[in-house]
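Residues per chain are reported as follows:
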Amino acid sequence: PSLAAEQARRKVEKTVRELWFFLSSQLSKIGNQAAVPHVKLEKLKTDLEGYRRTIHDDLEKLRSVDDADEWRERKSEELGNLVQRRFEYIQNPSDCSSAKKIVCNLHKGCGFGCQLHHVTYCLITAYALKRTLILESKGWRYAPKGWETVFEPLSRTCTERGTTLKTFWGSAHRDIEKHQVIEMPIVDSLHPRPEFMPLAVPQDLGAQLEIFHGDPSVWWIGQVVRYLMRLRPEIEQDVQDAGKKMGFRNVIVGIHIRRTDKINLEAAFHSLEEYMTHVEDFYNQMERKKPGITRRVYLASDDSSVLEEAKMKYENYVFISDNSISRSAGLNTRYSDGSLRGVIIDIHYLSRCDFLVCTFSSQVCRVAYELMQTLHGDASGRFHSLDDIFYYGGQNGHNLHVLEAHPGSSSGLIQIKPGDSVGIAGNHWDGFSKGTNHRTGMSGLFPSYKAEDTVVKVSMPTYPEVPL
Ligand code: GDP
């Protein structure tokens, strides 16, 4: 398929998705008005649902026609393996003492997903500057003996920063080539901000990526996370064993319910029912092709009470979860902290689900979604987030390109015109998104289907040394 054909197809998918968000939201608003007979409204909903299910299946056929699914898978694998070889190349210089380096440490005071994303930005920087990333991880809160006790070392030949005087990013960026060792801050204090930060993708990959993938930036971040999260063989075995014990198998929907310390500080509370609506929706669609399919759900949460609630409330579902295992097995001695084992297992299996329902405000789910991209041709549509759209913490501005005009209004809509660039803050999943029109400076809502994502392609080294 050509770029134009794929873009046109994805545009229809997006418009249909947004139409459904819009209709659902409008219908439930009307339903709240006592004047409309309930029965009539339910009938209308059922009828519309019929159209929607058929359009969904039609679009899926269109997506897979002429073996296009296999083609996407092949492209993703080929390009992904190339990126992995490039990481191998920068991470294994023949002479470590003279190699140009980026130094990062794991002392960022936050959870595993957040720390992993910190290292992700460091490896992207190393790639963009063609340097070796040295990760200093002794005393890491999740594994005090270091990153390498759980994951493959980032390098086989070069893991020390050496004795050369380091320079901090801020002062080094002007004549960067002069400095052998550059230490990076946490992304929050990164200044100046390089243009290669997400959501940018390497220019030489971008043209191919935007043909087969619906969200190239997530695919690219996924490849970085894939390199970082290569598990040591004994840990990989442990993860595989855990999956067998749980009975993990596809078809399965993954839900990640992030509660405890996150609620009210960084995210709102969402009931189990809000997640399960989207799971039901997935299986109702699937049921058309596979009648009687087992409704399997992989449930990950930091709130241990939610599994019991789910089993009690949804008897026609099979819930698979790692909670029971970590509790009965107790602390695994290979990790100094049992919580790392739990989150690795949850991220691993969430990424292997067929569809994800979660809150993208959580880095745990975003990591799973990123990794999911490395296992498919184009898995960019395999999620429903109850809150944020996908983002990378510390990303450069995320701008949409406006395709169709829409008038502003006193009820919060901003005026948009074709060609405008709108910085997106979020999708309200009701047909409207929130953003700032860079032309007018106005912030507010606009119909999501009237703007499209743009792929930001930034010139980075093309690694001719690495065979294609
Ligand atoms: P965020 O706070 O959700 O954005 O993600 P972080 O990864 O930065 O911090 C949350 C931490 O809470 C994780 O790293 C885990 O230690 C723990 N956690 C959150 N959700 C889960 C889950 O579903 N399973 C497990 N095992 N741990 C979780």
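Anything mentioned here points back to the structure above.
Scoring rules and cut-offs
Residues numbered from 1 in each chain as written. Predicted model: local features only at pLDDT ≥ 70, side-chain atom pairs only at ≥ 80, totals over all residues. Heavy atoms only, no water. Pairing = 2+ DSSP bridges. Helix = DSSP H or I, 4+ residues; strand = E, 2+ residues; numbered from the N terminus. Phe/Tyr/Trp six-rings, centres within 6.5 Å; stacked < 30°, edge-to-face > 60°. Lys NZ or Arg CZ within 6 Å of the ring centre and 35° of its normal. Axes fitted to C-alpha atoms, helices over the stretch in contact; angles between N-to-C directions. Parallel < 35°, antiparallel > 145°, perpendicular 65-115°, else oblique. Contact = heavy atoms within 4.5 Å. Nonpolar A, V, L, I, M, F, W, Y, C, P; charged D, E, K, R; others polar. Buried < 20%, exposed > 50% of the residue type's maximum accessible area, 1.4 Å probe, protein only. Salt bridge = Lys/Arg side-chain N within 4 Å of Asp/Glu carboxyl O. Polar contact = N/O pair within 3.5 Å; in protein donor to acceptor, adjacent residues only side chain to side chain. Expected span 1.5 Å × (residues − 1). Disulfide = S-S within 2.5 Å.

## Re the pairing of strand β14 (residues 443-447)
Here comes step 1: With five bridges connecting them, strand β13 (residues 432-437) and β14 associate as antiparallel partners. Bridge assignment links G435 to a residue of β14, and that residue is G444.
Here comes step 2: Connecting β13 to the next strand, β14, in antiparallel fashion are five residues, including G441 with a positive phi near 80 degrees.

## Some remarks on the packing of aromatic side chains
Here comes step 1: One pass over the full model with this rule turns up 28 aromatic pairs.
Here comes step 2: Between Y314 and Y317, the aromatic rings sit 6.1 Å apart at their centres with planes inclined by 85 degrees, giving edge-to-face as the arrangement.
Here comes step 3: Counting every residue linked through ring pairs, the aromatic cluster contains F87, Y89, Y127, W220, Y227 and Y463.
Here comes step 4: Directly above the aromatic system of Y463 lies the positively charged group of K130, at a separation of 5.2 Å from the ring centroid.
Here comes step 5: The aromatic ring of Y227 is capped on one face by R230, whose charged end is 3.8 Å from the ring centroid.

## Some words on the packing of helix α3 (residues 68-91) against helix α4 (residues 112-129)
Here comes step 1: Running from N to C, α3 and α4 point in directions that differ by 80 degrees, and their axes come no closer than 10 Å. Viewed along their axes, α3 and α4 adopt a mutual orientation that is roughly perpendicular. Residue-level contacts link R86, F87, I90 and Q91 of α3 to L123, A126 and Y127 of α4.
Here comes step 2: Of the residues belonging to the contact of α3 with α4, the class tally is five nonpolar, one polar and one charged.

## A closer look at unusual backbone geometry
Here comes step 1: Residue P192 is bonded to the preceding H191 through a cis peptide linkage, with omega at -5 degrees.
Here comes step 2: A positive phi is found at D66, a non-glycine position, where the angle reads about 55 degrees.
Here comes step 3: Structurally, D66 can be placed in the loop between α2 (38-64) and α3.
Here comes step 4: Even without being a glycine, D67 presents a positive backbone phi close to 60 degrees.
Here comes step 5: What makes D67 exposed here is its relative accessible area of 53%.

## Quick look at the environment of S171
Here comes step 1: You can see S171 is positioned in helix α5 (residues 169-172).
Here comes step 2: Note on S171: relative accessible area 52%, which makes it exposed.
Here comes step 3: Considered as a pair, S171 and I182 are eleven residues apart in the sequence and their alpha carbons are 9.5 Å apart.

## Focus: the pattern of salt bridges
Oppositely charged side chains can pair when the atoms bearing their charge come close.
Here comes step 1: Evaluation of the coordinates by the stated rule reveals 35 salt bridges.
Here comes step 2: With a closest N to O distance of 2.9 Å, D69 and R72 form a salt bridge. With D69 and R72 both in helix α3 and three residues apart, this pair spans about one turn of that helix.
Here comes step 3: When its relative accessible area of 31% is taken as the criterion, D69 is described as partly exposed.
Here comes step 4: Salt bridges here are not isolated pairs; linked through shared partners, they connect E6, R9, E13, R63, D69 and R72.

## Description of the side chain of S76
Here comes step 1: Relative to the elements of secondary structure, S76 occurs in helix α3.
Here comes step 2: Here W219 takes part through its side chain, which lies 3.0 Å from a polar atom of the side chain of S76.
Here comes step 3: Filtering out sequence-adjacent residues up to four positions away, S76 remains in contact with F212, W219, Q223, Q373, H376 and G377.

## Thoughts on α4
Here comes step 1: For α4, built from 18 residues, the straight-helix expectation of 26 Å at 1.5 Å per residue is met to within 8% by its first-to-last C-alpha distance of 26 Å.
Here comes step 2: For α4, a buried count of 18 out of 18 residues is recorded, marking the element as mostly surrounded by other parts of the structure.
Here comes step 3: Count one or two residues on from α4 and you reach K130, which has phi positive near 55 degrees.

## Some remarks on the state of the cysteines
Here comes step 1: Taken as a whole, this structure holds four disulfides when the rule is applied.
Here comes step 2: A sulfur-sulfur separation of 2.0 Å characterises the disulfide bridge that pairs C110 with C114. Negative torsions about the S-S bond denote left-handed disulfides, and the value of about -80 degrees found for C110 with C114 makes this one left-handed. Both residues of the pair, C110 and C114, belong to the buried class.
Here comes step 3: Look at the chain and number its bonded cysteines as they come in the sequence; the links are 1-6, 2-5, 3-4, 7-8.

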